[in-house]
Amino acid sequence: MAKKTATRKKSAAKKAAKTSGKKSAVRKSKVAKAATKPVKRAPQRKSSAPRRPKGPAWQWSAVETAAAIRSGAISAVETVEAHLERMRAVNPRLNAVVVDLSEEALAAAHAADKRRAKGGELGLLHGVPITIKENVDYEGRPNFNGVPANKDLIAPSDSPVVRNLKKAGAVVIGLTNTPEFSFRGFTDNPLHGLTLNPWDPNITCGGSSGGAGSAVAAGIGTIAHGNDIGGSLRWPAHCNGVATIKPTQGRIPAFNASATAERPMLAHLMSAQGPLARHVADVRLALEVMSQRDPRDPWWVPAPLVGPKPKGPIKVALARIPEDMDVDPHVAAALRQAADHLERSGYRVSEVDVPDIDGVWQTWCDIITNETMVMQEAGMLKVTSEDFHKAWGGMKAKANVLDLKAWMQATAARNGHIRAWQLFFEEYPVVLAPTTVKPIPGPREDTVSAERVREIFWGEIRFISAINVLGLPGAVVPVTLHDGKPIGVQLIAGRYREDLAIDAAAAIEKRAGVLAHRLWEQMD
């Protein structure tokens, strides 16, 4: 029994040895064959070379441009040159940029590239081309504000908003047009002439930041600076199919050292600096940059840029339009379309009455008109054109003439209006409202008659100007085109809640798209 077992073990060992030998031979044969073939190596990962956004550099957003410069995908010089080339191509027919700062911009771009090469700290807008409205101080240049007589108002320093943009690394390529004293909703003046809308020369580019809106829509600069006391950011944004935010008063510091006198109280409290851009994300970025502290503005407020998120879903009030406002059906359709975009993005939209929009607008009109009549009118009329006189006459025709007691009552009424809106925002954190209820008017329509001016400001853009007296933030975002012309909507939020207005604007943009892309197709 033991012998049989031993025999079996030897037999198994021999078989195992043969099998092992065969397997070893097979392995050696395979290795030999493999040695005669080229070795297939695992594909090496490409070096993480910086990637450029699609299209020419002047078409990129500010966010894309800043990231591309920071990563080294493009130099600041190449970026600025692209925007200057675009400016030379389209500005002669638009007259949006009225001061060409090409040489200064290229010098700043070279300095920006050197700073990056040395590993220096880079700002949020490092090397990014922008424009500035020619009604704020730009060091060494006259603050014309559309008036030839202002030639001697040389800025001794940059205004806070210009300083903040430059600190962030932005490169100013030009100054944009504005009406006389920035006091019309249409951009024309005897110094620089008329600015045209890039969508259609037969409609206005808006005002008073009309040059800013026209320029950025056409691809001149990624961000355009503007300001707003009665709609001067939101109205041009609507007319040119771009986005903006009129921030809460005190959010962005303001001051002009060239000014011969301080501004009156309510004019200061109703005015705001802000950005216009093709993309809502760029508006958000520019707001952050512009909002940095400057001690020259005693009204600046260090409020956070993002507040607590309301409990969802966020309720949006679609403002019911007063019966005396004749709403164009295409504007009504755009408002419904914007409401649908918000609903599909998770908001809950209801059509409701907002607090006394008529009374709010009249308070704005009475206060700003009477302050201007007392403090500025005589001086302005001496140095302005006949067109300005016609437009100003139409604006003040709707205002009540106030004595001291009535003016104090109007300013007191303002407090009540603000309180009512703040309480309204407790239930509806965002208001969706029209910018205008009519198609965009012609480029000089405020010079037709005083009655036409009243129609525009009271009957058409009532929801824009009213918001200034409240000091509330209001964003505008384009929604659609009708007959080749843009239609936008306004989004209003509570004090220092620009984030809520911008978030809602971004939700609409996500579904509506960026209209400027369609503009460039027809321009080029």
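Residues numbered from 1 in each chain as written. Predicted model: local features only at pLDDT ≥ 70, side-chain atom pairs only at ≥ 80, totals over all residues. Heavy atoms only, no water.

A separate point is helix 11 (residues 357–375). Between its first and last C-alpha, helix 11 extends 27 Å over 19 residues, near the 27 Å set by a 1.5 Å rise per residue. In terms of burial, helix 11 is a largely internal element, 15 of the 19 residues being buried. (Helix = DSSP H or I, 4+ residues; strand = E, 2+ residues; numbered from the N terminus. Expected span 1.5 Å × (residues − 1). Buried < 20%, exposed > 50% of the residue type's maximum accessible area, 1.4 Å probe, protein only.)

Taken together, the eleven strands give an open sheet; going across it, the order is 1-3-2-4-6-5-10-11-9-7-8, and neighbouring strands pair in mixed fashion. At either margin of the open sheet sits one strand with a lone partner, and together these are strand 1 (97–100) and strand 8 (348–352). Direction aside, neighbouring strands of the sheet carry axes that sit 30° apart on average. Inspection of the sheet shows strand 10 (residues 474–482) paired to strand 11 (residues 485–493) by eight bridges, in the antiparallel sense. Looking at the pairing, Leu 481 lines up with Pro 486 of strand 11. Across the face of the sheet, helix 5 (residues 160–167) comes into contact with strand 2 (129–133), strand 3 (171–176), strand 4 (223–228) and strand 6 (272–277) while running at roughly 175° to strand 2. Together, strand 7 (315–319), strand 8, strand 9 (430–434), strand 10 and strand 11 form the strand contacts of helix 10 (residues 329–344), whose direction differs from that of strand 11 by roughly 55°. (Pairing = 2+ DSSP bridges. Axes fitted to C-alpha atoms, helices over the stretch in contact; angles between N-to-C directions. Contact = heavy atoms within 4.5 Å.)

Let us look at the pairing of strand 9. The two faces of a sheet get side chains in turn, since along a regular strand they alternate between them. Strand 9 sits mainly inside the fold: five of its five residues count as buried. Neither face of strand 9 is open: one carries Val 430, Leu 432 and Pro 434, the other Val 431 and Ala 433, and all of them are buried. Summarising the sheet, strand 7 and strand 9 pair through three bridges and their orientation is parallel. Bridging from a neighbouring strand, Ala 317 pairs with Val 431 of strand 9. Two strands pair when backbone bridges link them, and strand 9 and strand 11 are joined in this way by five bridges, in the antiparallel orientation. When the sheet's bridge partners are listed, Ala 433 is paired in strand 11 with Gln 490.

What follows is about helix 13 (residues 386–397). The end-to-end C-alpha distance of helix 13 is 16 Å, a good match for the 16 Å that twelve residues give at a rise of 1.5 Å each. Buried within helix 13 we find Phe 388, Ala 391, Trp 392, Gly 394 and Met 395. The buried residues of helix 13 occupy an angular sector of 160° when the element is viewed end-on, so they sit on one face. Residues of helix 13 that are buried in the fold lie against helix 11, helix 12 (377–383) and helix 15 (450–460). (Arc of directions from axis to C-beta.)

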